[in-house]
Amino acid sequence: MSSIPAAISRQHTGSTAHSTLAPAYERRLIRIAFGIQFHPNQMPEDWDVNQYLDSLLPYHPHVEKVSDAEYRNHRQRVIFDLAQTTSKAVFRSWLSTPELHVIYSGHARHGRGPCFGRVDENAMHSEDWGEGTNPATTGAFRLGFPYIGIAVSEIEEHGYTAHLLKEAEGVPDAEDCHPELRRFRRSLQPFTPDQLHPGLAHRLRGHQPGDRYLAFRVGAERKVVHHGGWRNTLSAPNEWAATDVQCRSFCHFGCSTFLHNHPIVRKTAQWRQQGNERYAFWHIGPAYCNFTTSRWVANLITYNLENAFASWEPSLNHAVHRTNSQIRANGYRFQVI
């Protein structure tokens, strides 16, 4: 396929203006941040963005692949610029950059927010599952309710230092509780660390002799209350409130992020759509995040109507409907909203 006909354009390289001889192409930047769980090297090949796009290109002759980092849709008149990272610092900088389409693809950490770290045999049991071995680049980016109930076993499974709610701090207000915790708020009971799990005390932040921690049961599973939050957290400035979020679109593709994080971003923090700015998308239900990410990006890039220098909404709506159709066709039960 021929490239953009630069020979008849009177604009300088990189210009976004229209030429009187040839309409210019808009450049849209898609940035994908992969979390500590569901790294690119942990997914099937068909869930890799570039490999999936390669399989589609024969059916979309209006899309030209320049490289893994650049695709040109000659029908949309849009150049798509792709980049990927596993760094929390880069992810945070992307959130702060105007006009970017930012995607987090990874574990939602039960509502605590995006979480980053290396993936190897030793790293599966480290502080990267909490505040991070290097908090600037690994660990949690806080984006959740102030208090979240999580299974006790999760702390030992990943070996991080947990910040739990002590009995002395009192029962939290209902509006500060994750929706699941809110249902069990009146049945919270105090336990010593050893009652929760033998040897747990050395995994608890700020533990003092005699401290007890609030917990509840869901079926046979005991859950403890973690300090979460989105502002003034232990993780600051790696939190939503301390980040000047200016990206145009944010996709939070982790499990059940509509339940976990949508109320914080859209209602509490009031980061709401304004015209062609502040789009946001989430998962309903436990999800295969990288399946969604590959299909989502491909559906944006292969959209076959002209929309350069116009609202992103038509192509984003197309991505929602098309991605959800593909999710259902594969027999999965989660959805994008």
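In the block above lies the structure referred to throughout.
Figured I'd write up the structure that's included with this text. (Residues numbered from 1 in each chain as written. Predicted model: local features only at pLDDT ≥ 70, side-chain atom pairs only at ≥ 80, totals over all residues. Heavy atoms only, no water.)

### A word on the overall build of the protein
Within the protein, the secondary structure is distributed over 9 helices and 14 strands. Based on the C-alpha atoms only, the size of the protein along its principal axes is roughly 80 × 35 × 35 Å. Taken over 337 residues, the protein has a buried fraction of 53%. The contacts in the protein between residues at least 6 apart in sequence include a share of 74% that link residues at least 24 apart. A total accessible area of about 14,900 Å² is found for the protein, and carbon and sulfur atoms account for 49% of it. Once the 35 positive and 32 negative side-chain charges of the protein are each reduced to a mean point, those two points are 6 Å apart. (Helix = DSSP H or I, 4+ residues; strand = E, 2+ residues; numbered from the N terminus. Buried < 20%, exposed > 50% of the residue type's maximum accessible area, 1.4 Å probe, protein only. Contact = heavy atoms within 4.5 Å. Areas by Shrake-Rupley, 256 points an atom, 1.4 Å probe, with all protein chains shown as cover. Lys, Arg positive; Asp, Glu negative; His and termini not counted. Charge placed at Lys NZ, Arg CZ, Asp CG, Glu CD.)

### Looking at helix H9 (residues 313–329)
Spanning 17 residues, H9 covers 24 Å between terminal C-alpha atoms, matching the ideal 24 Å at 1.5 Å per step. Of the residues making up H9, those classed as buried are Ser315, Leu316, Ala319, Val320, Thr323, Asn324, Gln326 and Ile327. An end-on view of H9 places all buried positions within 165° of arc, on one side of the element. Those residues of H9 that are exposed and aimed more than 90 degrees away from the buried face are His321 and Ala329. Positive backbone phi, at 80°, marks Gly331, one or two positions downstream of H9. (Expected span 1.5 Å × (residues − 1). Arc of directions from axis to C-beta.)

### A word on empty space enclosed by the protein
Under the counting rule described, the total for this entry stands at 2 cavities of 30 Å³ or more. Computed from the structure, the largest cavity encloses a volume of approximately 100 Å³. Around the largest cavity sit 15 residues that line it, and Arg112, Gly130, Glu131, Arg142 and Tyr160 are the ones nearest its centre. Grouping the amino acids of the lining of the largest cavity by side-chain chemistry returns 5 nonpolar, 5 polar and 5 charged. Reported here for the second largest cavity is a volume of approximately 70 Å³. (1 Å grid on protein atoms, 1.4 Å probe; cavity = no way out; pocket = protein on both sides within 12 Å on 5 of 7 lines; lining within 4 Å. Points joined across faces, edges and corners; volume = space filled by probe spheres on them. Nonpolar A, V, L, I, M, F, W, Y, C, P; charged D, E, K, R; others polar.)

### Brief notes about the nonpolar core
Membership of the largest hydrophobic core comes to 36 residues, with the highest contact counts inside it found for Phe281 and Trp296. Those elements that provide at least two residues to this core are strand E1 (26–34), helix H1 (49–56), strand E4 (78–85), strand E12 (249–253), strand E13 (279–284), helix H8 (289–302) and H9. Here the element with the most residues in this core is H8; it accounts for 7 residues. Counting residues in each nonpolar core, the second largest holds 23 residues, with Ala33, Trp94, Val102 and Ala280 among its members. (Core = buried A, V, L, I, M, F, W, Y, C linked by side-chain atoms within 4.5 Å.)

### Description of the side chain of Arg248
You can see Arg248 is positioned in the loop between strand E11 (221–227) and E12. The class of Arg248 is buried, set by a relative accessible area of 10%. If we ignore the near neighbours within four places in the chain, the residues touching Arg248 are Glu99, Leu100, Asn276, Glu277, Arg278, Tyr279 and Trp312.

### Some points on the pairing of E11
Of all the 7 residues making up E11, 6 are buried; the element is thus mostly covered by neighbouring parts of the structure. Relative to E11, strand E10 (residues 213–218) is paired through 4 bridges, and the arrangement is antiparallel. When the sheet's bridge partners are listed, Val218 is paired in E11 with Glu221. (Pairing = 2+ DSSP bridges.)

### Quick word on H8
In this model H8 runs 20 Å from its N-terminal to its C-terminal C-alpha over 14 residues, within 8% of the 20 Å that 1.5 Å per residue would give. For H8, a buried count of 14 out of 14 residues is recorded, marking the element as mostly surrounded by other parts of the structure.

### Some words on the sheet that holds E10
Taking strand neighbours across the sheet as the criterion, the 4 strands line up as E8-E11-E10-E9 in an open arrangement whose pairing is antiparallel. The sheet terminates laterally at strand E8 (147–151) and strand E9 (189–191), the two strands that pair on one side only. Sheet twist, expressed as the average angle between the axes of neighbouring strands with direction ignored, equals 45°. (Axes fitted to C-alpha atoms, helices over the stretch in contact; angles between N-to-C directions.)

### Re the layout of surface pockets
Of the volumes computed, that of the second largest pocket is approximately 330 Å³. Along the wall of the second largest pocket there are 20 residues; nearest its centre are Phe145, Pro146, Gly228, Gly229 and Trp230.

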